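Residues per chain are reported as follows:
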2 protein chains.
Amino acid sequence: MNKSTKINLSNSGLKPTNSVKTFNHLGEEVDSKVAGELPLTIKINNTEIITLMTLGTRPEELTLGYLRNQGLISNINEITSIDVRWDIGISNVSTTYKDIKEITDKLKNKTVTTGCGQGTIFGGTLEKLYDNILPDIKIKKSEIFDLLAKITKYNDIYKEAGAVHGCALCDTNGVLEFVEDVGRHNAADTLSGIMWLNNITGKDIIFYTTGRLTSEIIMKVKHMGIPIIVSRSGVTNMGIELAKDLNVTMIARAKQRSFLIYNNKNNIIFD
Amino acid sequence: MNKSTKINLSNSGLKPTNSVKTFNHLGEEVDSKVAGELPLTIKINNTEIITLMTLGTRPEELTLGYLRNQGLISNINEITSIDVRWDIGISNVSTTYKDIKEITDKLKNKTVTTGCGQGTIFGGTLEKLYDNILPDIKIKKSEIFDLLAKITKYNDIYKEAGAVHGCALCDTNGVLEFVEDVGRHNAADTLSGIMWLNNITGKDIIFYTTGRLTSEIIMKVKHMGIPIIVSRSGVTNMGIELAKDLNVTMIARAKQRSFLIYNNKNNIIFD
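**A word on the overall build of chain A**
Reasoning step 1: Looking only at helices and strands, chain A features eight helices and 17 strands.
Reasoning step 2: Its C-alpha atoms give chain A a radius of gyration of 19 Å, within 12% of the compact-globule value 18 Å for 271 residues.
Reasoning step 3: Seen through its C-alpha atoms, chain A measures out along the principal axes to roughly 60 × 55 × 35 Å.
Reasoning step 4: Expressed as a percentage of the 271 residues in chain A, the buried residues total 51%.
Reasoning step 5: Look at the contacts in chain A between residues 6 or more apart in sequence, and 56% of them connect residues 24 or more apart.

Take a look at the structure:
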């Protein structure tokens, strides 16, 4: 994809796995691949915002997407550069404005969610959530099956090392971007950053995730403007409630040639 | 287990799943079980600490374990009651002391981790982490296999609804407590609360989890004093590093009759 904004980005993506020496149940030495997990502290104009634990493959896009999905920065043109330095564990965001009091105020109001870990959302996240709802976009059953078949070719890091979740931006032609991270929320945020950076609107996108559909992940797709979400895993009750409120077409337990529709059955064409 | 402390606990555990109407890929209506996910705001002496998203089956023990694992309260005898009210989403903790400034100070210093979601640890979590290391406790290969066989009978909610992780306290005779929650960190914290409440020391305990072994979960078992951790899933690099630093015997990818040892091979007896 072509970058359509003028942000100056460092290119500090890391190799996702490394080899470690393990022993199997017979006591035999076995070389294993292990997923990385590194702290990355996001700073805006040198003010510390938050520390994320990440696989580290796409730290600049993760930073962007985190700021976007948390509602901390609403206009990407206000960001001039993102400079990631792993030696000090910092992702430094420079902006066009000097005063970031408006941002630090938002950090005061926090909720720990547990999509899967104990996640954190800040006050800013909920601010614009209910301003509008997502459009009704139709999708054919055959297109979902086709996508599920194509997606099995991804999940590289998971196949090699386990311990990661994968998320993807797809359209009816296939997978546009597939991101894995130690946290499925990081993977989702990185995709959000990629969309922001490349000026991709969510309307024609299908969001795929290997992880569960909790309230938090539904919030994220809403912030990304994506009307259809497909998961290999299950859903929670609050995930369903929020999908109804925001008009997210919600498909889960999707594997090979079967799936369950948890919301917006009318948007599925049973061809 | 018998409660050995005098805390006054509400008994507000919820039913973990409820039925929803879904549609399968043929458009046929299917009844599905879905895991609950509710916000629970922990307050200490009416001061708001944090909001967790939880399945809600054991909210009092979750509250206790959260406060313990985050290092926010270090002596259980300082807690007089925990009163959970789902109608207002509050778990109110009453303590013997009035001034909780020491606790609220700890909340200022936060790190968002991603075992799996974007978790949060507060300054207090790291405070006593490195004060000592865990003891070398031996375990036989046959005992691990025996445990893996016994554990397959649990995971009730997962089997019914998916979208949850399970964690268990075990000893070499079997499973003592098995807890599932929408977040594996909640499940671990609930077990920590159960241990605290029943004055169970970690030395002879084996911690089992369906989830991945990231740095955050290793921190939790250290806070619980548990020297051996067994996971069905994989590990991250930082999980291994921390296990080495804290002397956690780390077994992962454990299924049926196989596992990999990522740290402390010397504690495994290959019988």
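This is not the end of the story, as more comes after the structure.
**Here we look at the nonpolar core**
Reasoning step 1: Counting 144 residues, the largest nonpolar core has A:M250, B:I229 and B:M250 as its most contacted members.
Reasoning step 2: In this structure B:I229 touches B:F207, B:L213, B:V221, B:V248, B:M250 and B:I251, once residues within four positions along its chain are discounted.

**Quick notes on the environment of A:R68**
Residues and elements named next belong to chain A.
Reasoning step 1: Along the chain, R68 turns up in helix 1 (residues 59-69).
Reasoning step 2: What makes R68 buried here is the crowd of 23 C-beta atoms within 10 Å.
Reasoning step 3: It is 39 Å that separates the C-alpha atoms of R68 and K21, two residues lying 47 residues apart in sequence.
Reasoning step 4: With sequence-adjacent residues up to four places away left out, R68 is seen in contact with I73, S192, G193, W196 and H223.

**Quick word on helix 8 (residues 237-246) of chain B**
Turn by turn, an α-helix covers 3.6 residues, leaving residues three or four places apart pointing in a common direction.
Reasoning step 1: All of the buried residues along helix 8 of chain B are B:N237, B:M238, B:G239, B:I240, B:L242 and B:A243.
Reasoning step 2: Where the residues of helix 8 of chain B are buried, they touch strand 2 (17-24), strand 3 (29-35) and strand 4 (38-44) of chain A together with helix 7 (215-223), strand 15 (249-255) and strand 16 (258-263) of chain B.
Reasoning step 3: B:N247 occupies a position one or two residues after helix 8 of chain B and carries a positive phi of about 65°.

**So, the sheet that holds strand 15 (residues 249-255) of chain A**
Reasoning step 1: The sheet built from eight strands is open, its strands ordered 12(A)-11(A)-13(A)-14(A)-15(A)-16(A)-2(B)-3(B) with mixed pairing. With one partner strand each, in any of the chains shown, strand 12 (174-181) of chain A together with strand 3 (29-35) of chain B form the two edges of the open sheet. Strand-to-strand, the axes of this sheet are offset by a mean angle of 30°, without reference to chain direction.
Reasoning step 2: Across the sheet, helix 8 (residues 237-246) of chain A touches strand 15 and strand 16 (258-263) of chain A together with strand 2 (17-24) and strand 3 of chain B, and the angle it forms with strand 16 of chain A is around 65°.

**Some points on the confidence of the model for chain A**
Interpreting fine coordinate detail is not advised for predicted regions of low pLDDT.
Reasoning step 1: For chain A, per-residue confidence averages 88 on the pLDDT scale, and residues scoring 70 or more make up 91% of the total.
Reasoning step 2: In the predicted assembly, ipTM is 0.82 and pTM is 0.83.

**Here we look at the sheet that holds strand 7 (residues 90-95) of chain B**
All names here are of chain B.
Reasoning step 1: Strand order in the open sheet formed by five strands is 1-6-7-4-5, and the pairing between neighbours is mixed. Each edge of the open sheet carries a strand with a single partner, namely strand 1 (8-9) and strand 5 (47-54).
Reasoning step 2: One ladder, built from four bridges, connects strand 4 (residues 38-44) with strand 7; its direction is parallel. Residue pairing in the sheet places I42 in a bridge with S91 of strand 7.

**A short note on the pairing of strand 4 of chain B**
Residues and elements named next belong to chain B.
Reasoning step 1: Relative to strand 5, strand 4 runs antiparallel, the two being bridged by seven bridges. Note on strand 5: the bridge partner recorded for L40 is L52.
Reasoning step 2: Where strand 4 folds back onto strand 5 in an antiparallel hairpin, the turn is made up of two residues, including N45, whose phi is positive at roughly 45°.

**Quick look at unusual backbone geometry**
Residue and element names in this part refer to chain B.
Reasoning step 1: Even without a glycine there, the phi angle at N45 is positive, about 45°.
Reasoning step 2: Secondary-structure assignment places N45 in the loop between strand 4 and strand 5.
Reasoning step 3: With 14 C-beta atoms counted inside 10 Å, the residue N45 sits in the partly exposed group.

**Observations concerning the interface of chain A and chain B**
Reasoning step 1: Counting residues at the interface gives 58 residues for chain A and 59 residues for chain B.
Reasoning step 2: The residue inventory of the side of chain A that touches chain B, partitioned by class, reads 22 nonpolar, 29 polar and seven charged.
Reasoning step 3: Note: strand 16 of chain A against strand 2 of chain B, two bridges, orientation antiparallel. In the strand pairing of strand 2 of chain B, A:I261 is matched with B:F23.

**Digging into the relation of the copies chain A and chain B**
Reasoning step 1: Taken as rigid bodies, chain A and chain B are interconverted by a rotation of 180° and an axial shift of 0.0 Å, the fit giving an RMSD of 0.0 Å. The superposition operator between the copies reduces to a two-fold rotation axis.
Reasoning step 2: Looking at chain A, 100% of its interface residues are interface residues in chain B too, so the copies touch through the same face.

**Considering the domain arrangement of chain A**
Residues and elements named next belong to chain A.
Reasoning step 1: Looking at the assigned domains, one finds that chain A contains domain 1 (8-127) and domain 2 (139-269).
Reasoning step 2: A C-alpha centroid distance of 21 Å is found between domain 1 and domain 2.
Reasoning step 3: Of the residues lining the interface, 27 residues belong to domain 1; the matching set on domain 2 comes to 30 residues.
Reasoning step 4: Looking at the side of domain 1 that touches domain 2, the elements that each hand over two or more residues are strand 3, strand 5 (47-54), helix 1 and strand 9 (119-122).
Reasoning step 5: Of the residues forming the side of domain 1 that touches domain 2, the biggest block, eight residues, is contributed by helix 1.
Reasoning step 6: Residue composition of the side of domain 1 that touches domain 2, by class: twelve nonpolar, ten polar and five charged.

Cut-offs and rules
Residues numbered from 1 in each chain as written. Chains lettered and ligands numbered in written order. Predicted model: local features only at pLDDT ≥ 70, side-chain atom pairs only at ≥ 80, totals over all residues. Helix = DSSP H or I, 4+ residues; strand = E, 2+ residues; numbered from the N terminus. Rg over C-alpha atoms; globule rule 2.2 N^0.38 Å. Buried ≥ 20, exposed ≤ 12 C-beta atoms within 10 Å, placed from the backbone. Contact = placed C-beta atoms within 7 Å. Core = buried A, V, L, I, M, F, W, Y, C linked by C-beta atoms within 7 Å. Pairing = 2+ DSSP bridges. Axes fitted to C-alpha atoms, helices over the stretch in contact; angles between N-to-C directions. pLDDT = per-residue confidence, 0-100. Nonpolar A, V, L, I, M, F, W, Y, C, P; charged D, E, K, R; others polar. Least-squares fit on C-alpha atoms with pLDDT ≥ 70 in both. Domains from an automatic or database assignment.

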